[in-house]
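Coordinate inspection notes
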Amino acid sequence: MIPPGKSSLKRPPAVEALIKRHRLRPIELLPWAIAVAAYFLFPGYLALGAQIFIMVLFALSLDLILGYAGIITLGHAAFFGVGAYTAGILAVQGWHEPISGLIAAGVAAAVVGLVSGLVILRTHGLTLLMLTLAIVFMLHEAANKAGFITGGADGLQGIAIDPIFGAFRFDMFGRTAYWYALVVLFLGWAFVRLLVHSPFGRSLTGIRENVVRMHAIGTPVRRRLVTAYTISAGLAGVAGGLLAQTTEFVALNVISFELSGAVLIMLIFGGVGRLYGAFIGAPVYMIAEDELAKADPVYWLFWIGLILILLVMFARGGILGLIDQAMHLVRWRRK
Amino acid sequence: MDATISAAVSILFHGTAYAMILYIVSVGLSVTMGLMGFANLAHGVFAMAGGYVTVTLMNDYGVPFAASLLIACLVVGLASIVIERTLYARLYTASELEQVLFTIGLIFMAIAAAKFVWGPFAQRFAMPEALQGQIELGTRSFPAYRAFLIVVSIAIILGLWLGIERTNLGARIRAAVDNRRMAQSLGINTGRLFTLTFALGSALAALGGGLGAEILAINPSYAIEHLVYFLIVVSVGGLGSIRGPFFAALLLGIGDTACKYLVPEIGAFFIYAATMALLLWRPAGLFGRA
Amino acid sequence: MTAVLETRGLNKSFGALQVAQNINFRLEAGARHALIGPNGAGKTTLVNLITGRLRPTGGKIFLSGEDITDLPPEARVKRGLGRTFQINQLFKGLSVLENVALAVAERDGVGGNMFGAARARRAVAEEAYALLERLRIADDALKPVRELPYGRQRLVEIAIALGLNPKVLLLDEPAAGVPSTESAIILEMIAGLPPDIAVLIIEHDMDLVFRFARRITVLVQGAVLVEGTPGEIAADTRVREVYLGERSHV
């Protein structure tokens, strides 16, 4: 089955396209340019900015398993919460160095992801959904009951974080937090981007597209899914750790169905399985929430529900999907 | 010794009453899942709606309990037909993710609507006088409401099972759950069958919501608060099964009551762990087809 | 001749229903073997037993002399067992080239790689493309599979299996659902399969079977009725009675 000499001499364009697909396009730098510009344009909103970066990272971790591997979960906040509590408790107990604390948060969440993934990924459909919910409720209960170390319903207080590299102190304007969160998000993005374009990432897409066929080409499907789930949990944990370190507080609701639902909705708003859905959905959701929800949470829930239904009925690709369609329309008109 | 026995009897009794409500609310979800393959997370919304209609009729209009239940059943059943035709039916072929998102959207809107109309707090359930107090059985006394609940529920469940076994509609539902394509080729109008089944499941949920308003308090977050338990009943029972969820509901109802009574600190924790262990052993549930 | 695939006394029952009875079956190296039988004869069951989707209640399965009875499906694929499906099982949203590349990468053991190895990736893409050229679907390499007509999708189905470089290839009704205008390319493709692959074809279309097969096994009610050359099968009265006769009535 060795290819005949002809095609290896002059590489066919299709092969070229497949190999070069992951090459960076200029537009992919846009979010970073906006993030840097926003620092100078909206100095009063740096705290919100850092929170947005954290949620983008969280949504990005969800995109890896939901958008690429097709695992639907209503319990992703479990890992975000484990990360937040790990980073927070470490700092409260006397370990104030941020980078190692953040790594610990990721590792702890990844371990929880691995263990729970081994259990729940044996099932699918409604049962899998139920188990993701069960895990988030279980951990919520655990965090609530272990009040002596987590602070329980009052939240975890007294988190003190050392300056990053001993040089950059977390300031009251949130400047350090802004850059810290942005840099971690950038690293997370680079990592996920590499991952989804790798053979491993493509095999996840294969599993999402047709699991029967993946079995039939000899893919160890469950191992791949558990691996992806573990990585995603670790990233979510890093995001949670960031939240604990930058806000110096952990509330019990970091492990909740509500937050799991919110991050899912952010990703859906932006567009799922596109890597950049998180970058659109999280800011839009959070800015809208910041503006609207405080005025009236009941209406906020109503509108979110309505938008979800409309999205499913009419715009299944989210905001990025709509942009795609608009571009197609423009190109088609020009022709 | 006697204290132990009386605790055990009490747990069994309260657990069974709880289980009946869980089953009556959830069974429709199992059938929808088996028949249409629809991941309807919003199933609890119909139970909540039934509960609201029931308590509103009783509290504000003085309608008797039984009549209120019947009206709630009818109203929710009819409303569900409209919702199924206009919304659900368009998503039968959609992906699971889309179904999940759509039904979450529905839950959110229902929560907002319920808060808007009835306020954020749980509804007062004015129990009929006949159901207040205790009834004596042998040397023990039991709360009358729960005893009534168990008796009525068993009657409803037997009626449901007989109906599924004996009636034409039941036969068609069973055939279609087994093999949808086969049923279609036999000339069963699956579209209408879906609508009827959906309405039946929703009406049952409404009945469960109204009947159990004292046990599962009617409040705006009802559909989310109890979602995991409804899903456990269905998953452990086996998706598409009608009797499986009954036994799952009994296990869950009695187990949950026992845990909350005996080890209140880790009660819920234990239930989730047991569910996971059970599904690890049988991923398709107790009565599901692997 | 050595058997690349062999079943010995294979049994499978669901409760009281016996769907495979004492099946002894040999597939020789380079074979062109057909499995036929009326509906419900247990052809699909046998395929599922061989590929590992079903566990037998009794008997053994050997691949190149190795007992694979207790191996999971993936491990059998790794040892050279490729298959196609009666109903297409494709990655519909992905390009034709990538459909095949996924299989090639899995076979090369690089399917789980997370980073680097650009050279391995290039080798995979080139081999997948060469395969498409051989099946003459390279023009569609970058099209999403769902945009292809069914007959060409059927070729992709086979290309994926060939991408595994199998020793044994199970073709489950390769011409099923293909309009007659397009079935010629399928026939041509099957005729052109590399001679060193042992091919087992499960097929309803008797024309295709008799043109392609050098040996035929007839399965009836879960058991082997008879095995022989196409000539022997065509002349066998029991086969006529049970199978061909029945078909001619339909």
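Look a little higher up for the structure.
No experiment lies behind these values; they were computed from the predicted model shown.

Focus: the overall build of chain A
Scanning chain A for helices and strands turns up 16 helices and zero strands. Relative to a compact globule of 335 residues, whose C-alpha radius of gyration would be 20 Å, chain A shows 21 Å and is just as compact. Taking the principal axes of its C-alpha atoms as reference, chain A extends roughly 70 × 45 × 45 Å. Within chain A, the proportion of its 335 residues that are buried is 56%. Counting contacts in chain A only where the partners sit at least 6 residues apart, residues at least 24 apart contribute 80% of the total. About 14400 Å² of surface is accessible on chain A, with carbon and sulfur atoms providing 68% of the total.

A short note on the packing of aromatic side chains
By the definition in use, this model includes 36 aromatic pairs over all chains. Summarising the aromatic geometry, the rings of B:Tyr92 and B:Phe194 are spaced 5.1 Å apart at their centres and angled 80° between planes, so their arrangement reads as edge-to-face. Highlighted residues: B:Tyr92 in the loop between helix H3 (65–86) and helix H4 (96–118) and B:Phe194 in helix H8 (residues 190–211), separated in sequence by 102 residues. With respect to burial, B:Tyr92 and B:Phe194 carry one shared label: buried. Ring centres 6.4 Å apart and planes at 45° place the aromatic pair B:Tyr222 and B:Phe230 in the tilted group. The burial state of B:Tyr222 is the same as that of B:Phe230; both residues are buried. One cation-aromatic arrangement involves B:Arg282 over B:Trp281; the distance from NZ or CZ to the ring centre is 5.8 Å. The side chain of C:Arg83 reaches across the aromatic face of C:Phe85, ending 4.0 Å from its centre.

Overview of the pattern of salt bridges
According to the stated counting rule, one finds 25 salt bridges over all chains in the structure shown. Notably, a salt bridge pairs B:Arg85 with B:Glu84, separated by 3.0 Å at the nearest N-O pair. Under the relative-accessibility criterion, B:Glu84 is labelled buried at 0%. For C:Arg238, the salt bridge is made with C:Asp236, and the minimal N-O distance between the two is 3.2 Å. Of the residues examined, C:Arg238 reaches a relative accessible area of 41% and is grouped as partly exposed. Overlapping salt bridges bring together C:Glu6, C:Arg8, C:Arg26 and C:Glu28 as one network.

Describing unusual backbone geometry
Residues and elements named next belong to chain A. With a phi angle near 55°, Glu-248 is a residue other than glycine that sits in the positive phi range. With respect to the helices, strands and loops of the structure, Glu-248 is situated in the loop between helix H12 (221–247) and helix H13 (257–270). On the basis of relative accessible area, Glu-248 is assigned to the partly exposed category, the value being 33%. Phi angles above zero are rare outside glycine, and Leu-275 is one such case at about 75°.

A word on the interface of chain A and chain C
Contacts between the two partners involve 40 residues from chain A, matched on the other side by 43 residues from chain C. Counting each side, the surface lost to burial between chain A and chain C is near 3600 Å², with a carbon and sulfur contribution of 64%. Where chain A meets chain C, there are three salt bridges. C:Glu98 is the salt-bridge partner of A:Arg202, the closest N and O atoms lying 2.5 Å from each other. Among the elements of the structure, helix H1 (5–9), helix H2 (13–19), helix H9 (175–197), helix H10 (199–209), helix H11 (211–216) and H12 of chain A are those that each provide at least two residues to the side of chain A that touches chain C. Broken down by class, the residue content of the side of chain A that touches chain C amounts to 20 nonpolar, twelve polar and eight charged.

Focus: the sheet that holds strand S5 (residues 66–67) of chain C
Residue and element names in this part refer to chain C. Reading across the sheet, the four strands line up as S2-S1-S4-S5 and stay open at both edges, with antiparallel pairing between neighbours. One side of each edge strand has no neighbouring strand; the edge strands of this open sheet are strand S2 (17–28) and S5. Here strand S1 (residues 3–14) pairs with strand S4 (residues 58–63) via five bridges, running antiparallel. Bridge pairing links Glu-6 to Phe-62 in S4. Contacts from helix H1 (residues 43–51) reach S1, S2 and S4, with the element oriented near 115° to S1.

Digging into the layout of surface pockets
Size it by volume and the second largest pocket reaches roughly 1100 Å³. For the second largest pocket, the lining is made up of 35 residues, of which A:Asn253, A:Glu258, A:Leu259, A:Ala262 and A:Glu289 are closest to its centre. Contributions of two or more residues to the lining of the second largest pocket are made by helix H4 (46–68), H12, H13, helix H14 (277–293) and helix H15 (297–314) of chain A together with H4 and helix H9 (222–225) of chain B. A per-class count over the lining of the second largest pocket returns 23 nonpolar, six polar and six charged.

Some points on the arrangement of the chains
In this assembly, two pairs of chains are in contact, and the pair contributing the most contacts is chains A and C. At no point do chain B and chain C touch; the closest pair of C-alpha atoms across them sits 12 Å apart.

A word on a nonpolar patch on the surface
Residues A:Ile103, A:Val107, A:Val111, A:Leu114, A:Val115 and A:Leu118 make up a contiguous nonpolar surface patch of roughly 520 Å² in combined accessible area. As for its position among the elements, A:Val111 is in helix H6 (residues 98–120).

Points about the packing of H4(A) against H13(A)
Residues and elements named next belong to chain A. Following both chains from N to C, one finds H4 and H13 inclined at 80°, their axes separated by 9 Å at the closest point. As the angle between them shows, H4 and H13 are arranged roughly perpendicular. Within the contact between the two elements, H4 uses Met-55, Phe-58, Ala-59, Leu-62, Asp-63 and Leu-66 and H13 uses Leu-259, Val-263, Leu-264, Met-266, Leu-267 and Ile-268.

Considering the interface of chain A and chain B
In this assembly, 38 residues from chain A lie in contact with 41 residues from chain B. In this assembly, chain A packs against chain B so that about 3700 Å² is buried in total across both faces, 85% of it on carbon and sulfur atoms. Our count for the contact surface shared by chain A and chain B stands at zero salt bridges. Along the contact surface separating chain A from chain B lie zero residue pairs in polar contact (both at pLDDT 80 or more). At the level of elements, helix H7 (125–145), H13 and H15 of chain A are the ones that each hand at least two residues to the side of chain A that touches chain B. Here the side of chain A that touches chain B gets 14 residues from one element, more than from any other, and that element is H7(A). Residue composition of the side of chain A that touches chain B, grouped by class: 30 nonpolar, four polar and four charged.

Here we look at the environment of B:Ser141
Residue and element names in this part refer to chain B. By the element assignment, Ser-141 lies in strand S2 (residues 140–143). Residue classification places Ser-141 among the partly exposed positions, given a relative accessible area of 36%. Spatially, the C-alpha atoms of Ser-141 and Ser-235 are 35 Å apart, while their sequence positions differ by 94 residues. Beyond its immediate sequence surroundings of up to four residues, Ser-141 is in contact with Gln-134, Ile-135 and Glu-136.

Some remarks on the side chain of A:Asp63
Residue and element names in this part refer to chain A. Relative to the assigned elements, Asp-63 resides in helix H4. One buried charged residue, Asp-63, remains without a salt bridge, the closest side chain of opposite sign being Arg-208 at 7.3 Å. Leave out the neighbours within four places in its chain, and Asp-63 touches Tyr-68, Leu-267, Val-272, Gly-273, Arg-274 and Leu-275.

Thoughts on H8(B)
Over its 22 residues, H8(B) extends 31 Å from the first C-alpha to the last, a length consistent with the 32 Å expected when each residue adds 1.5 Å. A large share of H8(B) lies buried, amounting to 18 of its 22 residues.

Calculation criteria
- Residues numbered from 1 in each chain as written.
- Chains lettered and ligands numbered in written order.
- Predicted model: local features only at pLDDT ≥ 70, side-chain atom pairs only at ≥ 80, totals over all residues.
- Heavy atoms only, no water.
- Helix = DSSP H or I, 4+ residues; strand = E, 2+ residues; numbered from the N terminus.
- Rg over C-alpha atoms; globule rule 2.2 N^0.38 Å.
- Buried < 20%, exposed > 50% of the residue type's maximum accessible area, 1.4 Å probe, protein only.
- Contact = heavy atoms within 4.5 Å.
- Areas by Shrake-Rupley, 256 points an atom, 1.4 Å probe, with all protein chains shown as cover.
- Phe/Tyr/Trp six-rings, centres within 6.5 Å; stacked < 30°, edge-to-face > 60°.
- Lys NZ or Arg CZ within 6 Å of the ring centre and 35° of its normal.
- Salt bridge = Lys/Arg side-chain N within 4 Å of Asp/Glu carboxyl O.
- Buried area = accessible area lost by both parts, 1.4 Å probe.
- Nonpolar A, V, L, I, M, F, W, Y, C, P; charged D, E, K, R; others polar.
- Pairing = 2+ DSSP bridges.
- Axes fitted to C-alpha atoms, helices over the stretch in contact; angles between N-to-C directions.
- 1 Å grid on protein atoms, 1.4 Å probe; cavity = no way out; pocket = protein on both sides within 12 Å on 5 of 7 lines; lining within 4 Å.
- Points joined across faces, edges and corners; volume = space filled by probe spheres on them.
- Patch = residues over 30% accessible without salt bridge, like charges linked within 9 Å, V, L, I, M, F, W, Y side chains within 5 Å.
- Parallel < 35°, antiparallel > 145°, perpendicular 65-115°, else oblique.
- Polar contact = N/O pair within 3.5 Å; in protein donor to acceptor, adjacent residues only side chain to side chain.
- Lys, Arg positive; Asp, Glu negative; His and termini not counted.
- Expected span 1.5 Å × (residues − 1).

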